[in-house]
Amino acid sequence: VQWRTPTLPLYLTFLSRTKTQNFCRNEYNLTGLCNRSSCPLANSQYATIREEKGRCYLYMKTIERAAFPRRLWERVLLSKNYEKALEEIDENLIYWPRFIRHKCKQRFTKITQYLIRIRKLTLKRQRKLVPLRRKIERREKRREEKALIAAQLDNAIEKELLERLKQDTYGDIYNFPIHAFDKALQQQDAESESESDAEKEEDDDEDMSKREFVEADDSDLSDFEDMDKLETSSEEEREEEEEVEKKASHSKSKGKTPLKGPARRKRPYIEIEYEEETEPTTKTKAA
Amino acid sequence: APPKAVPKTIENQRVYDETTVDPNDEEVAFDEATDEFAPYFNRQTVPKILITTSDRPRGRTVRFCEQLSTVIPNSHVYYRRGLALKRIIPQCIARDFTDLIVINEDRKIPNGLVLSHLPEGPTAHFRMSSVRLRKEIKRKGKNVPEVILNNFTTRLGHSVGRMFASLFPHDPQFIGRQVATFHNQRDYIFFRFHRYIFKSEKKVGIQELGPRFTLKLRSLQKGTFDSKFGEYEWIHKRREMDTSRRKFHL
């Protein structure tokens, strides 16, 4: 029996509207929609399925208990077995309107399905979503920028590489004999005589090494363009040759980003350097 | 006029951390000889890395993974496809992988890195930021790069530094002239990958190739990846650890 009221119908109190549907927020509602046939308030004989902690219960409401709100809803625990539970629903709701019986069974099916899915999902990986906090993100970003500036990465890396070169981790790959001689010098006692002796030897060797050095550069130049102004001491002579080579490499260059160093020249041009007779003083510079 | 004072920087004013490693400390040396990286540093094991992502990686992450695998020699990229990490790990151990890297992504950009040393090694979880991919500079060849680890001073920093070092094979090929740098500054670890050339004995030129990113350590766990039951050696706790601007942990 569906009851009507002259004022706002009681059943509309749980109504919540969306664009296409009207939903009923009542917990005992069978279908979830708000209409006369599926409202627990409007119907005096009603039944629902609800689940608590993984077990399903059948709730029933009859006219006889309409006066006793506390005892209004009668609760029956359904078996865990799906088919048995369906039979139990049928038993309890025998002689009840077809609509309610049908909807109860549908609801029960849906509930069991989602319970199964919950159990399956808990076995899989559970991902916890951690929200980002905007203030903290901003702070971290700012600190990172500042740390980057403070780090001076390129300088640090270069310094480290030079350190490793000094400590001979690279062995004999790079022929900087000047360097080796420097170390030998430091190891010996620094007396002027021995120094001058060493210098004379070094002079000859340096000429040799100069030539070696330049040739090695040739192959490297093909990799990098713009090896401007390789600054070792006493290389004015060498620089001239280098300029010529640089011109050649310019033509082979492939437009890569330039290395650290002064601005690159757009057009090749010859720089004329004059050699000076200042070798001894430049020697000490290197030492 | 008074002489110019040394300017105060955050590095100067850094709160002294009692776990800073003294180079001559024997206890530390002993620890390091017997911890999980000892077989690597004794050259008994060759690193073999597995790189993977979280579920459904997007374009940037995939490309980043590929580039990362060119940087780290002997590394393989595998797609996740929804597999649980706990099941991947035993399989990895069975196939002789030494390290596992998981790159986590959020909204199509990679933002987290889990680095796990496999045979029961420590697992480090980082937050990753400022990821820049490689843009058409020549790719790395087959050469094994060198490794530079800068500024890892405390005990924690040391263990993290050793973790990074154990990713790369022990014998770098100097002919390749490539160097991978992990530089720690104020608890941010900057990763760069360069090619260098010595122009003279006092000058070196470097050219950056390879991706770059920055990491910030979030947690260090003793065993392999296990977020629920693992034993954490260090977790970053924001409330306690971010109070002072001059206090750093790495």
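As annotated in an unreviewed UniProt entry, chain B is Ribosome production factor 1 from Fulmarus glacialis. A UniProt comment under Subcellular location (unreviewed entry) is attached to chain B, and it reads "Nucleus, Nucleolus". According to its UniProt record, chain B has this under Function (unreviewed entry): "May be required for ribosome biogenesis."

You'll find chain A entered in an unreviewed UniProt entry as Protein MAK16, with Fulmarus glacialis given as the organism. Recorded in UniProt for chain A, the comment headed Sequence similarities (unreviewed entry) runs: "Belongs to the MAK16 family."

Some thoughts on the pattern of salt bridges
Scanning the entire structure with this criterion turns up 13 salt bridges over all chains. With a closest N to O distance of 3.5 Å, Glu74(A) and Arg65(A) form a salt bridge. By relative accessible area, which is 35% here, Glu74(A) ends up partly exposed. Between Lys222(B) and Glu233(B) there is a salt bridge, and its shortest N-O distance comes to 3.1 Å.

Side note on helix 4 (residues 85–94) of chain B
Residue and element names in this part refer to chain B. Here helix 4 has its buried residues at Leu85, Ile88, Ile89 and Cys92. Axial view of helix 4: buried residues confined to an arc of 105 degrees, hence all on one face. In helix 4, the exposed positions angled more than 90 degrees off the buried face are occupied by Arg87 and Ala94. Against strand 1 (49–53) and strand 3 (99–106) lie the buried residues of helix 4. Looking one or two places after helix 4, you find Asp96, whose phi comes out positive at around 70 degrees.

What about the sheet that holds strand 4 (residues 55–61) of chain A?
In any sheet, the strands associate via hydrogen bonds between backbone groups, in a parallel or an antiparallel arrangement. Residues and elements named next belong to chain A. Strand order across the open sheet formed by three strands is 3-4-5, with antiparallel pairing between neighbours. Of all the strands in the sheet, the pair left with one neighbour each is strand 3 (46–52) and strand 5 (73–77). Averaged over all pairs of adjacent strands, the angle between strand axes in this sheet comes to 25 degrees, irrespective of strand direction. Both strand 3 and strand 4 contribute to a ladder of seven bridges, which runs antiparallel. The partner of Glu52 across the bridge, within strand 4, is Arg55. Taken strand by strand, helix 1 (residues 82–92) contacts strand 3, strand 4 and strand 5, and its axis lies near 10 degrees from that of strand 4. Set on the sheet, helix 2 (residues 98–123) makes contact with strand 3 and strand 4; between it and strand 3 the angle comes to about 10 degrees.

So, how was this worked out
- Residues numbered from 1 in each chain as written.
- Chains lettered and ligands numbered in written order.
- Predicted model: local features only at pLDDT ≥ 70, side-chain atom pairs only at ≥ 80, totals over all residues.
- Heavy atoms only, no water.
- UniProt positions renumbered as here; feature names shortened; annotations may be inferred.
- Salt bridge = Lys/Arg side-chain N within 4 Å of Asp/Glu carboxyl O.
- Buried < 20%, exposed > 50% of the residue type's maximum accessible area, 1.4 Å probe, protein only.
- Helix = DSSP H or I, 4+ residues; strand = E, 2+ residues; numbered from the N terminus.
- Arc of directions from axis to C-beta.
- Contact = heavy atoms within 4.5 Å.
- Pairing = 2+ DSSP bridges.
- Axes fitted to C-alpha atoms, helices over the stretch in contact; angles between N-to-C directions.

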